[in-house]
Amino acid sequence: MNWGIFEALLSGVNKYSTAFGRIWLSLVFIFRVLVYVVTAERVWSDDHKDFDCNTHQPGCSNVCFDQFFPVSHVRLWALQLILVTCPSLLVVMHVAYRKAQEKKHQEAAGEDGGRLYLDPGKKRGGLWWTYVCSLVFKAGIDVTFLYVFHSFYPKYILPPVVKCHLAPCPNTVDCFISKPSEKNIFTLFMVVTAAVCILLNLMELSYLVSKRCRECLAARRVQTTPTGRYPDCVTASCEQNDLLLGDLIFLGPDAHPPLMPDCPGDYVKKTVV
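Quick notes on the rules
- Residues numbered from 1 in each chain as written.
- Predicted model: local features only at pLDDT ≥ 70, side-chain atom pairs only at ≥ 80, totals over all residues.
- Heavy atoms only, no water.
- Phe/Tyr/Trp six-rings, centres within 6.5 Å; stacked < 30°, edge-to-face > 60°.
- Lys NZ or Arg CZ within 6 Å of the ring centre and 35° of its normal.
- Buried < 20%, exposed > 50% of the residue type's maximum accessible area, 1.4 Å probe, protein only.
- Helix = DSSP H or I, 4+ residues; strand = E, 2+ residues; numbered from the N terminus.
- Pairing = 2+ DSSP bridges.
- Core = buried A, V, L, I, M, F, W, Y, C linked by side-chain atoms within 4.5 Å.
- pLDDT = per-residue confidence, 0-100.
- Contact = heavy atoms within 4.5 Å.
- Patch = residues over 30% accessible without salt bridge, like charges linked within 9 Å, V, L, I, M, F, W, Y side chains within 5 Å.
- Areas by Shrake-Rupley, 256 points an atom, 1.4 Å probe, with all protein chains shown as cover.
- Salt bridge = Lys/Arg side-chain N within 4 Å of Asp/Glu carboxyl O.

With that settled, the discussion passes to the packing of aromatic side chains. Throughout the structure, instances matching the rule amount to nine aromatic pairs. R212 extends its terminal NZ or CZ atom over the ring of W128, reaching a point 4.8 Å from the ring centre.

Covered by surrounding structure in strand β3 (residues 173-176) are V173 and C175 only, the residues D174 and F176 on the alternate face being uncovered. When strand β1 (residues 52-53) meets β3, the two strands line up antiparallel, connected through two bridges. By the bridge assignment for β3, D52 is matched with F176.

Okay, the nonpolar core next. F51, C64 and C175 are the most contacted members of the largest nonpolar core, which has 44 residues in total. Considering each element in turn, this core owes the most residues, 10 residues, to helix α2 (residues 19-43). Counting nine residues, the second-largest nonpolar core is a separate cluster that includes Y16, V95, L127 and V132.

Moving on: the confidence of the model for the protein. Summarising the model, the protein shows a mean pLDDT of 77, and 74% of its residues fall at 70 or more. Across the protein, helix α5 (residues 126-152) holds the top mean pLDDT of 91, while helix α7 (residues 236-244) sits lowest at 44. Residue range residues 228-262 is modelled with pLDDT below 50. Its contacts to residues more than four positions away, or to other chains, number 73 contacts. Under a pLDDT of 50 for its full length, residues 267-272 has, in the predicted model, 20 contacts with residues more than four places off or in other chains.

Here strand β2 (residues 161-164) shows one buried face, formed by V162 and C164, and one open face, formed by V161 and K163. One ladder, built from four bridges, connects β2 with β3; its direction is antiparallel. The partner of K163 across the bridge, within β3, is D174.

What follows concerns the side chain of S134. Inspection of the secondary structure puts S134 in helix α5. Owing to a relative accessible area of 3%, S134 belongs among the buried residues under this scheme. Excluding anything up to four places from it in sequence, S134 contacts P87 and V91.

Judged by pairing direction, the sheet is antiparallel, and its three strands sit side by side in the order β1-β3-β2 without closing on themselves. Looking along the sheet, the strands with just one partner apiece sit at the ends: β1 and β2.

Residues I30, F31, L34, V38 and F189 make up a contiguous nonpolar surface patch of roughly 430 Å² in combined accessible area. The element best represented in the nonpolar patch is α2, accounting for four residues. Here F189 is to be found in helix α6 (residues 180-223).

The following block contains the structure:
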């Protein structure tokens, strides 16, 4: 699998992420993808070949291996890493869509037609919801795979010896797993890093929601200000109020609004895409 292309696609996520998102991305690539590519594939490369049972009955070792290893660790981790990073690609695609719309608007309206988005990469409107949903999906995918691993391998531990009595084994036979201690170390490492990634996703989600709630409260206080006493537009509250209206822009050949309008929302158009 070409992980270089995979890394190049996700590198753009770093530009549109918060500090928690950048830490999550670094953790995924350094402690999950690189560990998977460099070590995990080699540790599990001989799991079937070195799975020995104390019998020479044909087919016995195969059915016993299938019973205790229904899905390979390596394949489950590969699927997990792919699925957990796909929501981040949706954020990049949404930003690319915004940039394409902005380019079309500039070509159609010209330089005097204003801008469709003040900043296509700023998490406002629909992009904010896309980013929040991506955090929920990433945390949900990691939780699901941790549950699947625990279902297949209780406590995420591989025993050195397993007993099997499935046909065509003549009786209960002992089967020996290759390098169980090394595999347990890598399994626990991947489980811990997945748990840390879940925690980072939840922290980032809490940060975004709390920040938006604070901005909404600040905007409500500004909106309750009596007409004629509107605060100075250089204050932070006024800036937050404008941002909550979406990507506020001036469109069309209309005259520019006064510098100190009583109702700034009357002079702007917005987009939440």
